[in-house]
Amino acid sequence: MKKVEAIIKPFKLEDVKDAVLKLGVSGMSVTEIKGFGRQKGHKEIYRGAEYVVDFLPKVKLEVIVPAELAGRVVEAIKENAYTGQIGDGKIFILPVEKAIRIRTGEEDRDAI
Amino acid sequence: MNFLSERDALACGNLAKLSGAAISRRYTGMVDRFVGELLVLLRLREWLKNTNTGGRIAFLAMGSYGARELCLASDIDLMILHEGVLPTKIERALLGLLYHLWDAKLEVGYTIVTPEEAQRLMAEDFGTLTSILNSRMLLGSRAFHMTFKERVLSTLANDLGGMLGKILVEKAKREERFGGEEYFIEPDLKEGPGGLRDFHYMRWISKVCFGCQRFSDVKRLNAFTHLEINKLAYSRGFLLKVRNLLHASSSTKEDRLLVSHQERLSKELEYPDGPSISAPSRFMKDVYLHMNRIRYITEEFLTKAKDLVSPSLPDPLPPEFPKEFDIVKGNLVMKGGISFSDDLMLILKAFKTANKYGLFLGSGFIWEARKKITKDRCRLVMLPGAKEMFLDLILDPRNPRILRLALEIGLINAFVPEFRKIRNLAQFGYYHVETVDLHSLRAMQVLHRIRTGKYDGEWPLLRRVWEELRHPEWLFLAALLHDIGKAYGKDHCARGARKIPSLLERLGLGEEAARTITFLVRHHILLARVSQRRDLGDEKTVVSVAQTVRDPELLRMLFLLTVADSKATGPMARSGWKALLLEEIFLKVNKILEGGKLAAPDTRKVVAQKRREVRETLKGEFKANDLEGFFGQVSTRYLLEVPVHDIIHHFRLALTMGDKPYDWVLKKVPGVPVTRIIECIYDRPGLFAKMVGVFTVNNLRVLSSSLFTLKNGLAFNIYEVTSPVDSLMEEDRWDRVRKEVMLALEDRLSLEELMAQRRKGLLRTRVLPLRHETKVKVDNQASDFFTIVEVIALYRPGVLYEVAKIIHSMGLDIRFAKVNTDDEKMMGSFYVRDKEGQKICERERLARLEQELGTAP
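What comes next concerns the included structure.

Each value, and the rule that gives it
- Residues numbered from 1 in each chain as written.
- Chains lettered and ligands numbered in written order.
- Predicted model: local features only at pLDDT ≥ 70, side-chain atom pairs only at ≥ 80, totals over all residues.
- Heavy atoms only, no water.
- Buried < 20%, exposed > 50% of the residue type's maximum accessible area, 1.4 Å probe, protein only.
- Helix = DSSP H or I, 4+ residues; strand = E, 2+ residues; numbered from the N terminus.
- Phe/Tyr/Trp six-rings, centres within 6.5 Å; stacked < 30°, edge-to-face > 60°.
- Contact = heavy atoms within 4.5 Å.
- Buried area = accessible area lost by both parts, 1.4 Å probe.
- Salt bridge = Lys/Arg side-chain N within 4 Å of Asp/Glu carboxyl O.
- Nonpolar A, V, L, I, M, F, W, Y, C, P; charged D, E, K, R; others polar.
- Pairing = 2+ DSSP bridges.

**A short note on helix 36 (residues 799-809) of chain B**
Here comes step 1: The element helix 36 of chain B is largely enclosed, with a buried count of 8 among its 11 residues.
Here comes step 2: Trailing helix 36 of chain B by a residue or two, Gly-811 of chain B shows a phi angle of about 80 degrees, which is positive.

**Things to note about the packing of aromatic side chains**
All names here are of chain B.
Here comes step 1: Enumeration over the complete set of coordinates arrives at 32 aromatic pairs over all chains.
Here comes step 2: Measuring from centroid to centroid gives 4.4 Å for Phe-390 and Phe-415, while their planes differ by 10 degrees, and the two rings are stacked. Of this pair, Phe-390 sits in helix 17 (residues 386-395) while Phe-415 is found in helix 19 (residues 411-415), placing the two residues 25 residues apart along the sequence.
Here comes step 3: Arranged with centres 6.1 Å apart and planes meeting at 65 degrees, the rings of Phe-708 and Phe-816 form a pair that is edge-to-face. In this pair, Phe-708 is assigned in strand 10 (residues 702-709) and Phe-816 in strand 14 (residues 812-821), connecting sequence segments 108 residues apart.

**So, the interface of chain B and chain A**
Here comes step 1: Listed by partner, the interface residues are 28 residues for chain B and 22 residues for chain A.
Here comes step 2: Here chain B and chain A share an interface that buries about 2,300 Å² over both sides, 55% of which is from carbon and sulfur atoms.
Here comes step 3: Summed over the three residues of chain B that lose the most area to chain A, namely Trp-577, Leu-580 and Glu-836 of chain B, the buried surface amounts to 28% of that side.
Here comes step 4: Taken together, the connections running from chain B to chain A amount to 5 salt bridges.
Here comes step 5: As a salt-bridge pair, Glu-44 of chain A and Lys-591 of chain B come within 3.5 Å of each other at their nearest N and O atoms.
Here comes step 6: Of all the secondary structure elements, the ones that give two or more residues to the side of chain B that touches chain A are helix 21 (461-468), helix 25 (526-533) and helix 28 (576-595) of chain B.
Here comes step 7: For the side of chain B that touches chain A, the element with the highest residue contribution is helix 28 of chain B, accounting for 12 residues.
Here comes step 8: Taken together, the residues that form the side of chain B that touches chain A break down as 8 nonpolar, 5 polar and 15 charged.

**Let's talk about the environment of Val-672 of chain B**
Here comes step 1: Topologically, Val-672 of chain B is positioned in the loop between strand 8 (662-669) and strand 9 (674-682).
Here comes step 2: Taking C-alpha positions, Val-672 of chain B is 8.8 Å from Thr-722 of chain B, a pair spaced 50 residues apart along the chain.

**A few points about the pairing of strand 1 (residues 2-8) of chain A**
Residues and elements named next belong to chain A.
Here comes step 1: Sheet topology note: the strand 1/strand 5 (residues 56-65) ladder contains 7 bridges and is antiparallel. Note that in strand 5 the partner of Ile-7 across the bridge is Lys-60.
Here comes step 2: Direction of pairing for strand 1 relative to strand 6 (residues 89-95): antiparallel, over a ladder of 7 bridges. Directly across from Ile-8, in strand 6, lies its bridge partner Gly-89.

Laid out in structure tokens, this is it:
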């Protein structure tokens, strides 16, 4: 099993979510986060006062999938989160040791 | 008697057809019969009849059992009052009774006490005290019971203030448990605010403090003549019914109206599904109506009771205080003797005064005012000055509790009947945790907090924007009305907006106010929606919002309304994350509006007109979808600045280009030796420099050029160049230019060499290095999306090429360009981004750019 973690632009959430769900992934978590990388924050001046944003709002998406599905999930995210402008985000793939469904005790594949 | 099957028969029968009180009475009667049978069976009845053994024993029903208010899953509370030692056989029989009751699946609580023990328990535990107040004798010595009860009452009568105080403490503890919230998705029918417990308080106080055998007797007292006993009884009955239905169907004893039950109960009670409101919503609307009614009637009751039991002295009055009112413990009250019947306006005056002085409204206002308003609503609204006073309250609300009261007694509904439909209307959704009416009031409260600087620490921008508003009062009204359309189902923004003009006209507000507030209601979700769902890094997104809003003052109001709506929506919605996006879109749209061109009032018309013409002309040749696709790709700037016939050429070229890297159309300008090149080409780094370079080495002087890159990687360009001198060989010349462009695009043309050769060969040149007399301005503020580079240079052949080359060599991408040259000067504006697609952020880079292009003065 793999965990696919993606950090994307907020307005891309719906598209990415739909694309990932179409692949048969049954669950995902979404977190609102702030971050920065090479895309810097910005500074605005309004009525002489500066409004600086260091951290930009992003969305973190996390899904746990069987290893053989991971590649397709990554592709789906890449395609749908893409704008070509800086700040499109990143995808990480991590190995998952075990998964357990709390209600039934099912493990691993049966849990995801 | 088979108690279990009788109970089941009742529970599974058509409970919905009975009244709440009837169900409880019937069930209580059922339990009475069952207990009675058991008492006979266990011989308790015969023993207690015998005065020797039964002298001083009373077998009592307590609590809700005593009050005949049992619900189907209620506990049965029993008390066995005795004097002296309880005979063993009776004790054993009592135990037997308990076993039987437990076997019948009843939850039984019981105490066996002497009167002294009982007194002690009552003093220690408030719950025991109130339970005893409800006691009813099932078996035993009536005289014994009566004596005991009288003693209890007289003890309490010695300290009525204390009794009342205990009740208020209980109430406060209860409220604390519920967190002081106004509204609950899953209200607790017994213990929640406005639940049955409130009703019990009133009953106990009327019994203890005012000696009323029955609760309705309290109406005989002067202070309580206006108590709406009938309405109260109706609401209580409603809650009892719902509670019984709940008990009948849930497997655990549940007093909270869980969402899972709401649907089922609404069906049992035969609430219909409507097009704009579902059956469960309708049902819950009624639940809230009744619970709110009980809640506010209880508030007033307790305040009045306190006034009677332990009257307070009035507070000192501030100067110029209206003579009709007094202040008692921070509450506005009527000066003794004055009532509303003479002067309805007093109600409004009271609200206005309380609002102004930061008071709440006390005894006398909730009941009498509500009754008056219900009866005389039309007259009140038409009184001269009434609307103005009402608006005074709404346009400058200082105390959110006053607004809540105004809502509760029907004042808001009287002046804004449209509000009635969203009263107690629950919203089911991920974020909303309040009914629509309360949510609107809370939005007004948020605005008030912005105004008084409560958010200055967390978000200083808010108050700065507030202070620029010309008509902040209209914003309060917009907040009150923004969700009025929710009663009509989908698309609440447009529906609500349609209601506004007539509503405001009725209230006597002017046209400008009406237009502003209508706009705000119609677009109150615009900023939130766009900031969360669209790319704020795309200029077009921001421009389209700017074109909708058009006016910076409207933008400011819309921004603050969005903040109020969002903060008033619920805990999830209050995170700072969404605030970041909202702030971004506000600042960006504001900049576009203040910059002028892209969002000028007639921009939309101009653009729409051009789109129509393009569609008309090309509709035969190409599919509508393809055309729309291109409209989506081009910037607003392009549509504003480029003439329609050029747009048509561009679109046509783009759709017929196929695999070619570029294509163009040449048009000679009549009367002058100028040719227009309307080009469609795949954008690539250094494109502009290459194109201009090829023209230059072919002796085609570039008089002007405009560059527009599309989102999809194409560029629509227009050049005006001097026509080739030799008109006979023109076509050949253009062929050669075409070929050289192709080569240049493939980097197979050594432009540098050709330029150098040309420079050498030219006779008439002022050979001045580019650096002299070139003005360069790099502006990183004017646009949120591009760094704008403006260059004014002395004209010489190849100057444009040099400029383009330098820009390219610094790793910059020209997205838009506008260049004009005449005999003396070349003037160019270049909208650039770096390789990552951002504005240039590093200061050194900006400085170097300026330096390379020319020295800034």
